[in-house]
Amino acid sequence: MTGGGGRRKMRFQQIEQQPEQVISMTVRTRFAPSPTGQVHIGNIRAAIYNWLFARHHGGRFLLRIEDTDRVRSTDEAVQAVLEALTWLGLEADEPPVYQSRQQAAHRAAAEQLLSSGRAYRAAKGEAGQGEVVLFRMPDHALEFTDEIKGPLRKAAADMQDFVLVRSDGTPVFHLANVVDDVAMGITHVIRGDDHIENTYRHVALYQALGAPLPRFAHLPMIVNAQGKPYSKRDGAAYVGDFRSRGFLADALFNYLVLLGWSPGDDREIMSRAEMIADFSLERVQSKAAQFDERKLAWFNGQYVRALPLATRVAACADVLRAHGIEAEPTYLAQVVDLLAERLQFITDIPTQAAYFFTEDYPVDAKAVRKRLGTAEARERLAEARAALAAAPGFTAPELEEVVRELAERRAVSVGVYIHPLRVAASGSAAGPGLFDMLAVLGRERVLARVDRSLAEPSA
RNA sequence: GACCCCAUCGUCUAGGCAGGUCCAGGACACCAGGUUUUCAUCCUGGUAACACGGGUUCGAAUCCCGUUGGGGUCGCCA
């Protein structure tokens, strides 16, 4: 059985759950996390697809907090969900629905099922736990056409009755989920494919409740390098992890959208508008996708570089401030502009550009040995120092002119001066163009650092 | 174990529903070269895949069957 092709062909041999016009009706999708912890990367991708699908069809994207597990659900987790959605720009179109507040409706549905004979009371499991309400599964096979997987079918013999209401009177996931989806008018249920088995039960529930069936789309999982479900042990697994590690929301969004979906052409970097315009469940992959943080990092670099300078400067200022560095805005803007192509993460700024802000910057010992380790190198550095000091002004073109002139005069490659100067002025062998860097650093700082280098005992 | 899902470069994928134009295209990563004072960016080139076996067909990555491999589900969790 091969992916998309087969499933799309077969779809039309099946009876549709809803008329084709469904798409022209108002599409309503929802993200329904259970607030028991941080928001997992796989869940947020489901949220993204729900959002994109709703936007594509001019419909609505809703949020439902499935907090019926009172023991494990926490307010902090609810906050985490809200923050993750806001950060990624996935605002819901209506106020969030809290499942725990819908219990009256859940109970009413159970009563309805009880009186119609589709559910029954029974003492199940260990003695002493009391009575539960069980749903009576139909005695015929159940089938539905998944928007991603194609026609799916389950024989009656492979399905058992299941609990709808616990012995303590609280509704179980299946009941609450379906009742709420009906109440919220959800037309398309887009969720992880670990829910496929549940869907048969849900289909039976919708039918028993006399509610119209939504369309279902089951997304494949996100797996790690071992092909196992992606978890915290595989590095960043939660939305908050990515955020704190310096990933941009747009970069993560773009990467995640493409992890399991493609526009059908060669585009990689896409705007939200493009994604919305082109998104379709038909093009969602049906096999699990392996998370590749290196590609995510590449996306991040692309997005960081595309940031307007002012935005990048502000973001860098925040990161620096968190590191106890208060940078003067104009100066910082020069530094950030200088580092433009070299920043893949905004959070790299403190380590990558420390020497711009403090005299206590890290020094690469290896670079010092290589570029300042010989008597000759130090002599060249001294010559360069004199040239810099004699420069008419301390702008990049002026500095470049005096140093190149010096090299010409001594008939040596200009690199002979550049490399020692770079290490003496920044402590590093890598960095922006030397003359621009020196100009931004300023005469005083540069000369002082060079003098300090010259004063240190040679290796 | 039962039931279900999945299978194109190392990874994400295009192509598959309408079989030939695919000795399989793009991106990340990797390798080489170029640009450059370094690093990064950027540019050029390269290595690299249709899981296997049958079948249908003049012709299969594309259709069918099977095998193998991977995954999911079998809770008074969600």
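What you see is a predicted model; the values in this text were computed from it and never measured.

What's the story with the pairing of strand E5 (residues 131-135) in this structure? I'm lost.
Remark: a regular strand shows side chains that alternate across the two faces of the sheet. When you tally the buried positions in E5, you get 4 out of 5 residues, the bulk of the element. Note: strand E4 (residues 119-123) against E5, 5 bridges, orientation antiparallel. Across the sheet, Arg-121 pairs through a bridge with Val-133, a residue of E5. In this sheet, strand E8 (residues 162-165) lies alongside E5 in antiparallel orientation, the contact comprising 3 bridges. Within the sheet, the bridge partner assigned to Leu-134 lies in E8 and is Val-163.

What is the right way to look at the protein's contact with RNA strand B in this model?
In the vicinity of RNA strand B there are 64 residues, among which Lys-124, Arg-166, Lys-228, Lys-287 and Arg-342 approach most closely. Close to the protein, within 4 Å, the atoms of RNA strand B are drawn from sugar and phosphate at a rate of 74%. The side chain of Asn-198 places a nitrogen or oxygen atom 3.2 Å from a base nitrogen of RNA strand B. Side-chain polar atom of Glu-268 to a sugar or linking oxygen of RNA strand B: 3.3 Å apart, as the coordinates give it. Put simply, the parts of the chain that give the surface near RNA strand B at least two residues each are helix H1 (3-11), strand E7 (150-154), helix H5 (173-183), helix H6 (196-209), strand E12 (289-290), helix H10 (293-306) and helix H18 (415-426). Examining the composition of the surface near RNA strand B, we find that 5 residues originate from one element, H10, more than from any other. Partitioned by chemical class, the residues of the surface near RNA strand B number 16 nonpolar, 22 polar and 26 charged.

What am I meant to see in the sheet that holds strand E1 (residues 28-31) here?
Two orientations exist for strands paired in a sheet by backbone hydrogen bonds: parallel and antiparallel. Spatially, 3 strands are ordered E1-E2-E3 in an open sheet, and the strand pairing comes out parallel. Unpaired on one side and paired on the other, E1 and strand E3 (97-98) mark the two borders of the sheet. As paired strands, E1 and strand E2 (residues 60-65) are joined by 4 bridges and run parallel to one another. Paired with Thr-29 across the bridge in E2 is Phe-61.

Help me understand the packing of helix H16 (residues 375-390) against helix H20 (residues 443-455) in this model?
In helix packing, the relevant descriptors are the interaxial angle and the interaxial distance, both defined with respect to the helix axes. Where H16 meets H20, the axes come as close as 10 Å, and the angle between the chain directions of the two elements is 155°. Between H16 and H20, the angle is such that the two are roughly antiparallel. Crossing hand, H16 versus H20: left-handed. Residue-level contacts link Arg-378, Leu-381, Ala-382, Arg-385, Leu-388 and Ala-389 of H16 to Arg-443, Val-446, Leu-447, Val-450, Asp-451, Ser-453 and Leu-454 of H20. Each residue belonging to the contact of H16 with H20 can be placed in one class, and the counts come to 8 nonpolar, 1 polar and 4 charged.

What's the story with the environment of Ala-108 in this structure? I'm lost.
Position of Ala-108 among the secondary structure elements: in helix H4 (residues 103-115). Taking the relative accessible area as the measure of exposure, Ala-108 reaches 44% and is therefore partly exposed. Along the primary structure Ala-108 and Gly-264 are separated by 156 residues, whereas in three dimensions their C-alpha atoms are 46 Å apart.

What counts as what
- Residues numbered from 1 in each chain as written.
- Chains lettered and ligands numbered in written order.
- Predicted model: local features only at pLDDT ≥ 70, side-chain atom pairs only at ≥ 80, totals over all residues.
- Heavy atoms only, no water.
- Buried < 20%, exposed > 50% of the residue type's maximum accessible area, 1.4 Å probe, protein only.
- Helix = DSSP H or I, 4+ residues; strand = E, 2+ residues; numbered from the N terminus.
- Pairing = 2+ DSSP bridges.
- Near = heavy atom within 4 Å.
- Polar contact = N/O pair within 3.5 Å; in protein donor to acceptor, adjacent residues only side chain to side chain.
- Nonpolar A, V, L, I, M, F, W, Y, C, P; charged D, E, K, R; others polar.
- Axes fitted to C-alpha atoms, helices over the stretch in contact; angles between N-to-C directions.
- Parallel < 35°, antiparallel > 145°, perpendicular 65-115°, else oblique.
- Left-handed = near helix turned anticlockwise from the far one by under 90°.
- Contact = heavy atoms within 4.5 Å.

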